[in-house]
2 protein chains.
Amino acid sequence: MKINRVLLAGGTHGNELTGAFLIKKFERFPQLIPRYSFKIQTLLSNPKAFAAGVRYIDQDLNRSFGQGFSGEGDLIAYEELRAQEIQQLFGTQGKTPADFIIDLHSTTANMGLTLIIDTEDTFTLQLVAYLSLVHPSIKVYDSGNSGRSQDSLRSLSRFGLAIEVGPIAQGVLAAEFFLQTEALIFSILDYLEKVNHGEVPSLEQQLTTYRYVKAIDYPRNTSGEIQAMIHPQLQFKDYQPLSPGNPLFLSFDGNIINYEEPSTVYPLFINEAAYYEKGIAMCFTDKQQVQVSS
Amino acid sequence: MKINRVLLAGGTHGNELTGAFLIKKFERFPQLIPRYSFKIQTLLSNPKAFAAGVRYIDQDLNRSFGQGFSGEGDLIAYEELRAQEIQQLFGTQGKTPADFIIDLHSTTANMGLTLIIDTEDTFTLQLVAYLSLVHPSIKVYDSGNSGRSQDSLRSLSRFGLAIEVGPIAQGVLAAEFFLQTEALIFSILDYLEKVNHGEVPSLEQQLTTYRYVKAIDYPRNTSGEIQAMIHPQLQFKDYQPLSPGNPLFLSFDGNIINYEEPSTVYPLFINEAAYYEKGIAMCFTDKQQVQVSS
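In what follows, the accompanying structure is described. In this text, all values refer to a predicted model and were calculated from it rather than measured experimentally.

1. A short note on the overall build of chain A
Counting its regular elements, chain A contains 6 helices and 12 strands. Over its C-alpha atoms chain A spans a radius of gyration of 19 Å, differing by no more than 12% from the 19 Å that the globule rule assigns to 294 residues. C-alpha atoms of chain A, sized along the principal axes, occupy 60 × 55 × 35 Å. Burial status across chain A gives 59% buried among its 294 residues. Taking all contacts inside chain A whose residues are at least 6 apart in sequence as the whole, residues at least 24 apart take part in 72%. Carbon together with sulfur atoms contributes 48% to the accessible area of chain A, which is approximately 11,800 Å² in total. Of the charged side chains in chain A, 23 are positive and 32 negative; the average position of the first set lies 6 Å away from that of the second.

This is the structure we're talking about:
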């Protein structure tokens with residue numbers, strides 16, 4: 001296997017500044033990037049949304065890939081058009097196809113330093129196991145069942161992942177996470193360089209992954225208005241077990257709504273700002289032990 | 001002195017959900033509010049911005065008061081029109097003038113539970129001193145020199161204050177701060193009730209206030225693009241002393257920019273998301289000891 005081109009994308013959501021400014025840094029200071037046997041292509045994915053300081057202009061760009069395109073001319077959503085452009089450049093049939101995509105995101109949830117993968121194939125698990133050794137605080141979220149393996153920017157290439165860091169408020173550049181994300185990018189690039197030189201370390205180990213099960217919404221009234229908030233005891237408790245009887249929401253009139261399903265889950269994206277409109281209060285995941293082999 | 005009407009406003013910035021949903025709670029559950037000798041009027045100040053999940057539609061509503069109105073008809077900014085409406089209702093010459101305004105805000109900065117006042121008159125200082133006894137973690141920020149004493153919603157009434165809580169990401173409802181803000185509102189209402197009954201406690205004490213000195217911007221290039229981020233050591237350090245030689249910014253190419261002015265200041269609103277476009281990286285304040293007397 002040979003990696004010829006790596007696509008480093010940020011600002012896929014225009015108000016996630018940490019990734020967007022990392023792209024700008026890579027573009028502005030090429031002398032700070034080591035030389036690799038592959039080409040690094042950078043992409044500020046949604047420049048209009050970035051300029052406007054919003055997640056997207058017409059629709060979520062990271063849900064706009066792989067579905068065919070519906071609109072035409074003036075009727076087409078900006079992000080649909082932009083997804084076409086990006087696909088024509090970096091997709092498998094594109095002008096300069098990316099063999100690996102790294103897409104940079106941030107979240108208002110307490111996800112720390114998360115790698116989002118969509119498949120648990122040997123190549124991806126080996127990479128992620130390597131990254132976990134170099135950065136022990138990393139968490140691995142397998143979003144394969146969430147739809148992102150079909151409609152996200154990273155789904156354009158055979159291999160890739162998203163880096164999701166938080167908690168970071170929308171519209172805020174967070175230096176600590178900027179530096180951590182940057183270090184993680186270089187570790188990924190180092191690993192891909194090892195791949196090209198046939199020097200991949202043989203890792204036989206257990207790895208913990210959190211697999212998407214489903215998303216749950218806030219309690220709402222018939223007009224769709226939220227009736228309760230994330231319970232204070234659950235706020236910022238991403239990746240921690242939520243067991244039957246644990247508090248989930250606190251209603252405005254002071255009632256506690258407990259988690260009542262039969263099995264323990266591990267919630268992620270708890271109170272993510274961008275997900276209110278999507279009807280998502282958090283995503284439930286299962287915690288899995290995966291055997292990584294070479 | 002008699003308080004006849006208190007205006008409780010929230011959602012003055014549409015993406016500061018904690019205050020907006022407190023207004024909705026007060027409107028939806030009037031049975032949860034004790035009876036007072038004054039009337040409590042509630043206001044979701046910027047309903048269009050709240051519905052759109054943004055700070056404002058055309059311009060910052062909390063900078064739109066007290067300046068005369070420039071536009072007409074279709075040309076008028078939505079917030080200018082809205083400011084007119086609010087003034088005509090609750091201003092000193094309005095239909096139901098407010099004697100006291102409480103305006104609810106949140107910030108992405110680590111301001112904890114902050115009371116923003118614009119004058120240090122005896123009435124305001126006595127109130128704030130009382131609130132500090134009940135809620136010892138409170139900080140008091142005097143923004144009188146910042147312009148807010150002229151153009152903010154709270155400037156409509158002779159007395160009033162803003163409650164500013166954080167860190168909270170824009171677009172996020174934070175239960176812990178929701179509950180703390182609510183408790184603080186009730187303490188203010190309790191105090192105003194004491195005023196009406198002539199039962200104001202006589203407080204002779206020292207109070208710490210942080211007085212606005214000036215705002216400083218991020219380092220930018222000639223195109224206005226940010227060149228550096230808040231230094232990780234300064235992030236979330238609101239209300240802590242910043243002394244000559246302390247790190248202020250970290251540039252994208254790795255250089256530390258230190259604070260080089262001669263005297264120690266106390267920065268607030270460090271890395272507030274809404275202030276990037278205003279050219280404000282933080283506000284410098286002076287820490288003052290004020291003698292409160294009755």
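Here the narrative resumes, following the displayed structure.
2. Quick word on the interface of chain B and chain A
Of the residues lining the interface, 29 residues belong to chain B; the matching set on chain A comes to 29 residues. Surface buried jointly by chain B and chain A totals about 2,700 Å² across both partners, of which 66% is contributed by carbon and sulfur atoms. On the chain B side of the contact with chain A, B:Leu173, B:Met229 and B:Phe252 bury the most area, a combined 22% of that side's loss. Our count for the chain B to chain A interface comes out at 4 salt bridges. We note a salt bridge from B:Lys24 to A:Glu225, for which the minimum N-O separation is 2.8 Å. Summed over the shared surface of chain B and chain A, the number is 12 residue pairs in polar contact (both at pLDDT 80 or more). For the side of chain B that touches chain A, the element with the highest residue contribution is helix H1 (residues 17-28) of chain B, accounting for 5 residues. Residue composition of the side of chain B that touches chain A, by class: 18 nonpolar, 5 polar and 6 charged.

3. A short note on the environment of B:Met282
Residues and elements named next belong to chain B. By the secondary structure assignment, Met282 is in strand E12 (residues 282-292). Classification of Met282 as buried rests on a relative accessible area of 0%. Along the chain, Met282 and Asn271 lie 11 residues apart, while their C-alpha atoms are 6.3 Å from each other. If sequence neighbours within four positions are ignored, Met282 has contacts with Lys214, Ala215, Ile216, Ile230, Leu234, Leu248, Phe249, Pro267, Leu268, Phe269 and Ile270.

4. So, the sheet that holds strand E10 (residues 256-258) of chain A
All names here are of chain A. Strand order across the open sheet formed by 3 strands is E8-E9-E10, with antiparallel pairing between neighbours. Because the sheet does not close on itself, it has two edges, and the strands there are strand E8 (228-230) and E10. Strand after strand, the sheet turns through a mean of 35 degrees between neighbouring axes, direction not considered.

5. Brief notes about the pattern of salt bridges
Counting across every chain of the model gives 26 salt bridges over all chains. Ionic pairing is found between B:Asp151 and B:Arg148, a salt bridge with its closest N-O pair at 2.9 Å. One end of the pair is B:Asp151 and the other is B:Arg148, both in helix H5 (residues 148-151) and 3 residues apart, which spans about a single turn. Exposure remark for B:Asp151: the relative accessible area of 11% places this residue in the buried category. By sharing partners, the salt bridges in this structure join A:Glu16, A:Arg55, A:Asp60, A:Arg63 and A:Lys278 into a single network.

6. Structural notes on the relation of the copies chain B and chain A
Superposing chain B onto chain A requires a rotation of 180 degrees together with a translation of 0.0 Å along the rotation axis, leaving an RMSD of 0.0 Å. One copy is carried onto the other by what is essentially a two-fold rotation axis. In terms of C-alpha distance to the rotation axis, chain B has B:Ala169 as its closest residue, with the C-alpha 2.1 Å off the axis. Looking at the interface residues of chain B, 100% of them are also at the interface in chain A, so both copies use one shared face.

7. A look at the sheet that holds strand E3 (residues 100-106) of chain B
All names here are of chain B. With mixed pairing, the 9 strands of this open sheet are ordered in space as E2-E1-E3-E6-E4-E5-E7-E12-E11. Looking at the sheet topology across the chains shown, the edges are occupied by strand E2 (39-44) and strand E11 (266-268). Each adjacent strand pair in this sheet contributes to an overall mean axis angle of 30 degrees, direction not counted. The pairing of strand E4 (residues 112-117) with strand E6 (residues 159-166) spans 5 bridges and is classified as antiparallel. Bridged to Gly112 within E6 is Gly166. Packed onto the sheet, H1 meets strand E1 (5-10), E2 and E3 and runs at close to 135 degrees relative to E2. Across the sheet, helix H6 (residues 175-196) lies against E1, E2, E3, E4 and E6, angled at about 160 degrees from E6, the strand it touches most.

Conventions adopted
Residues numbered from 1 in each chain as written. Chains lettered and ligands numbered in written order. Predicted model: local features only at pLDDT ≥ 70, side-chain atom pairs only at ≥ 80, totals over all residues. Heavy atoms only, no water. Helix = DSSP H or I, 4+ residues; strand = E, 2+ residues; numbered from the N terminus. Rg over C-alpha atoms; globule rule 2.2 N^0.38 Å. Buried < 20%, exposed > 50% of the residue type's maximum accessible area, 1.4 Å probe, protein only. Contact = heavy atoms within 4.5 Å. Areas by Shrake-Rupley, 256 points an atom, 1.4 Å probe, with all protein chains shown as cover. Lys, Arg positive; Asp, Glu negative; His and termini not counted. Charge placed at Lys NZ, Arg CZ, Asp CG, Glu CD. Buried area = accessible area lost by both parts, 1.4 Å probe. Salt bridge = Lys/Arg side-chain N within 4 Å of Asp/Glu carboxyl O. Polar contact = N/O pair within 3.5 Å; in protein donor to acceptor, adjacent residues only side chain to side chain. Nonpolar A, V, L, I, M, F, W, Y, C, P; charged D, E, K, R; others polar. Pairing = 2+ DSSP bridges. Axes fitted to C-alpha atoms, helices over the stretch in contact; angles between N-to-C directions. Least-squares fit on C-alpha atoms with pLDDT ≥ 70 in both.

Shape descriptors only; they carry no functional weight alone.
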